[in-house]
Amino acid sequence: MTAPVFDVDPWAVREPGVGLGTLPVAESVFSLSNGFLGVRGTLDEGDPCAVRGTFLAGVHETHPLAYPEGGYGHPEEGQAMVAVADGTPVRLLVDGVPLDVRDVRPEVHERTLDLRAGTLDRRVRWTALSGTTLEVRTRRLVSLAERAVGAIRYEVRAVDGAAHVVLRSTLAAGATPPAVEGDDPRVADALSHAFEPLVHLGTPTGGLLAQRTRRSGISVAAAVDHEVEGAAAVSTDVEEDYVVTTVTADLAAGETLVLVKVLGYAWERDVRRDTLVDRAWAATRSARDLGWDGLLAAQRRVLDELWAVADVQVDGDPELQQALRFNVFQLYCAAACISGAPVGAKGLTGAGYSGHTFWDVEGFVVPALTLLRPDAAARLLRWRAATLDAARDRAKVLDLQGAAFAWRTIDGREASAYWPASTAAMHLNADISRAFWLYVKVTGEPLTAHGGFEVLVETARLWMSMGHQDAAGGWHLLGMTGPDEYTGVVDDNVFTNLMARRNLLRAADACETAEDSAKAMGVDHAEMARWRAAAAAVHVPWDAGLRVHPANHNFTTYREWRFADKLDAYPVQEHQHYAKFYRRQVVKQADLVQALWWCRDDFTTEEVARDLEYYEARTVRYSSLSAAVQAVVCAQAQHPDLALRYLRESALVDLRDLQQNAAQGLHLASVGGTWLALVAGLGGLREDHDALELAPLLPARLTRTRYHATWRGSLLRVETTRDGTAITVLRGEPVDAVVDGEPVRVTAAGLRVPLREPAPLLAEPVQPAGREPRA
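Residues numbered from 1 in each chain as written. Predicted model: local features only at pLDDT ≥ 70, side-chain atom pairs only at ≥ 80, totals over all residues. Heavy atoms only, no water.

Student: Before we move on, can you summarise the packing of helix α9 (residues 427-443) against helix α11 (residues 494-513) with the specific residues and values?
Tutor: Contact geometry of α9 with α11 gives a least axis separation of 9 Å together with a crossing angle of 45°. It follows that α9 is oblique to α11 by the angle criterion. The two elements α9 and α11 meet at a crossing, and its hand is left-handed. On the side of α9, the interface is formed by His 427, Asn 429, Ala 430, Asp 431, Ser 433, Arg 434 and Trp 437, while α11 contributes Phe 495, Thr 496, Met 499, Ala 500, Asn 503, Arg 506 and Asp 509. Among the residues making up the contact of α9 with α11, the classes are represented as five nonpolar, five polar and four charged. (Axes fitted to C-alpha atoms, helices over the stretch in contact; angles between N-to-C directions. Helix = DSSP H or I, 4+ residues; strand = E, 2+ residues; numbered from the N terminus. Parallel < 35°, antiparallel > 145°, perpendicular 65-115°, else oblique. Left-handed = near helix turned anticlockwise from the far one by under 90°. Contact = heavy atoms within 4.5 Å. Nonpolar A, V, L, I, M, F, W, Y, C, P; charged D, E, K, R; others polar.)

Printed below as a string of structure tokens:
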């Protein structure tokens, strides 16, 4: 797969020449979303394309799950995000010949994602068979102010001659059947025919389609309307699976035809059909009332506020500057208007991972949003808390207490059929509890505000029912899979054990400070004491000879992986059987290293340095999550230049298609992780204690970094140069913080602290042969 080559611009992602071979990746990069509605960045004609797609968060269909061998407790139904009616295509014919970039060979063809306007702009210029030069300019948006609205402005101009122009603007259902993984015909049948028609309506300038998923029972309505300038005739045809509005015009030289297309969407599981239809119509009416200029102005107001509270700047690396703003833009857009649904691993930019959400979202997306846009983070936490009953049911199936959250899901129920990397990866429950805990630390809101109290209690109970105490009093977790999926179903995975410890202690602390809430959940002092005792007895493996922590019991005794002999054998899982590499010292992604960040209080400075050195030499990073984690811990170990190289890899994972799968959608965890790699890495920000902590570093390549963060309702700006770090409260009350270990008070007047020089205990670590940072 080929990645597009983008112009480097601090506020835009511009493709100066649209290539057919780069369309799959470009469609993901140019996706537009607001968290409720998302559209792929396809060409306006609809063809050529890799994958068209318009998605609504939470809209999915279920399908049977097949197993080669049955087993108790296996989930019986899978879930897949399904595309809804797509209203992006506007097809153009000039003198009876369609605009198709495969045939017309345009002299100009460029697209630009404008990060301040929130629009995708396109310009195409070519010469028709008649000899007339034509130019098409389009602008597309998914509204960040009107969550159910998308809009397109399509302008065609006859530059130097006459032209007979026909536009065919469509709203089509079933245009994007989901990809089917596996060869079970029941899955193909369920997903290929996901919707049944309910209603189709037409007006002279638009129409509406309503459908319902056959198995999951979700009803969806999509409406479309148009305003036209310069047309001779406008008409609309409607069938049960499409609405087509046709516009015709005879243009003289210099004349222009303008079409403004507005789209409105609505979905619900249990709602009257007429209510659903009214909601979709109302969305288009609202968009028509605002008008195109009003929609643009509202979009700009939302993004002006975003950049006021979330802008990032780096001097000395223009490509990184562009990538950082692109990632902040996509991070915000993934959740800006979300409600009652999760953010999937690809957001609404593609159907990769079937649209499922994973622990990645609570691990990277929610913490980043908590420091940037806590209102969006709160909505995601409320959704997760709303799945608590499904998690309790799953725990019962597993014969456990408390709640076992789903490894991959859309509606809260487990949808993963591969238990070694799902059911066994119980760390996700602690990851989820951590997201709630960090939200409380950052915002100052009570743990009960968004369901976090119940989550902490029920996950603590889960750990207690899984833990095993040996004869010597040590507390163990057996048969777990940590973040490193190349080392599955092991005993005493350090990351999992330490995250469970934090979960137990935080639950006990929460119950002691909210006794009434604890009593309502049946938590007494004896149960809290058991949690604390288990946390104190958690077993943490240690190799005294190597003076490092084995990632799990006996990891450092596993056979070493021959990296130099296997340079052409990546990804590992596609060239070797799991039975081989499950017990080798090859690490897919940061695992023990992630514990160095998330469980920092459990490691000394020397242990951080030695553990990082050991695992850097064994980690191959075949997960987009890993580079951000490694960036943070490399900075933590005082290696800012290596941290920057990992930050670049994380930031450019989609723009350069470094994982070779961006066509399936953007890597949302890496998007959130990129911001954290800058702020928690080079910025040294930690939000897990009572005071905000900062420990800035500046790599040799950069001369300045600047970012914003929100702490307890106050907006801070942190700017680091060679002369030191300036910290200022831009909005809100003064903030008590700790900078380089020293307490300070930050006010609107600001303060400046000297920039410390890096003081690493060990030399910069090396990576496996051929697996150095890729950007």
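Student: Tell me about the pairing of strand β8 (residues 90-94), residues and numbers included.
Tutor: By the alternation rule, side chains of β8 split into Val 90, Leu 92 and Val 94, which are all buried, and Arg 91 and Leu 93, of which none is buried. The sheet contact formed by β8 and strand β14 (residues 163-172) spans five bridges and is antiparallel. Note that in β14 the partner of Arg 91 across the bridge is Arg 168. Examined bridge by bridge, β8 and strand β9 (residues 97-98) share two bridges and lie antiparallel to one another. Bridging from a neighbouring strand, Leu 93 pairs with Pro 98 of β9. (Buried < 20%, exposed > 50% of the residue type's maximum accessible area, 1.4 Å probe, protein only. Pairing = 2+ DSSP bridges.)

Student: Summarise the packing of aromatic side chains; cite the residues concerned and give the values.
Tutor: On inspection of all chains with the given rule, the structure shows 18 aromatic pairs. Ring centres of Phe 6 and Phe 30 lie 5.8 Å apart, and the angle between their planes is 80°; this geometry places the pair in the edge-to-face category. Residue Phe 6 is located in the segment before β1 (7-9), and its partner Phe 30 is located in the loop between α1 (23-29) and β3 (32-33); the two are separated by 24 residues in the primary sequence. The exposure classification of Phe 6 matches that of Phe 30, with both residues buried. When the ring of Trp 11 is compared with that of Trp 307, the centres are 5.1 Å apart and the planes differ by 85°; the resulting orientation is edge-to-face. Highlighted residues: Trp 11 in the loop between β1 and β2 (12-15) and Trp 307 in helix α4 (residues 273-310), separated in sequence by 296 residues. Grouping residues by exposure puts Trp 11 and Trp 307 together as buried. Following the ring pairs from residue to residue traces out a cluster consisting of Trp 359, Phe 364, Phe 495, Trp 597 and Trp 598. (Phe/Tyr/Trp six-rings, centres within 6.5 Å; stacked < 30°, edge-to-face > 60°.)

Student: Describe the sheet that holds strand β27 (residues 704-711), listing the residues and the values that go with them.
Tutor: Taken in spatial order, the five strands line up as β21-β27-β28-β29-β32 in an open sheet, and their pairing is antiparallel. In this open sheet, the two strands that pair with only one neighbour each are β21 (313-315) and β32 (751-753). Going across the sheet, the axis of each strand differs from the next one's by a mean of 20°, ignoring polarity. Relative to β27, β21 is paired through three bridges, and the arrangement is antiparallel. Across the sheet, Gln 313 pairs through a bridge with Arg 706, a residue of β27.

Student: Give me the side chain of Thr 170: which residues, what numbers.
Tutor: Within the secondary structure, Thr 170 sits in strand β14. When sequence neighbours within four positions are dropped, the list of residues in contact with Thr 170 reads Asp 86, Gly 87, Pro 89, Arg 91, Val 243, Val 244 and Lys 261.

Student: Give a description of the sheet that holds β2 that names residues and reports values.
Tutor: The strand order β1-β2-β10-β11-β12-β13-β20-β17-β16-β15 describes an open sheet built from 10 strands, whose pairing is antiparallel. Edge positions in the open sheet fall to β1 and β15 (195-203), since each of these has one partner strand only. Averaged over all adjacent pairs, the angle separating strand axes in this sheet is 15°, with direction ignored. Here β15 runs beside strand β16 (residues 206-213); their pairing, made up of eight bridges, is antiparallel. Paired with Gly 202 across the bridge in β16 is Gly 207. Here α4 sits on the sheet in contact with β11 (119-127), β12 (133-142), β13 (149-158), β15, β16, β17 (219-229) and β20 (256-268), set at roughly 140° to β20. Across the sheet, helix α5 (residues 318-335) touches β1, β2 and β10 (108-114), and the angle it forms with β1 is around 75°.

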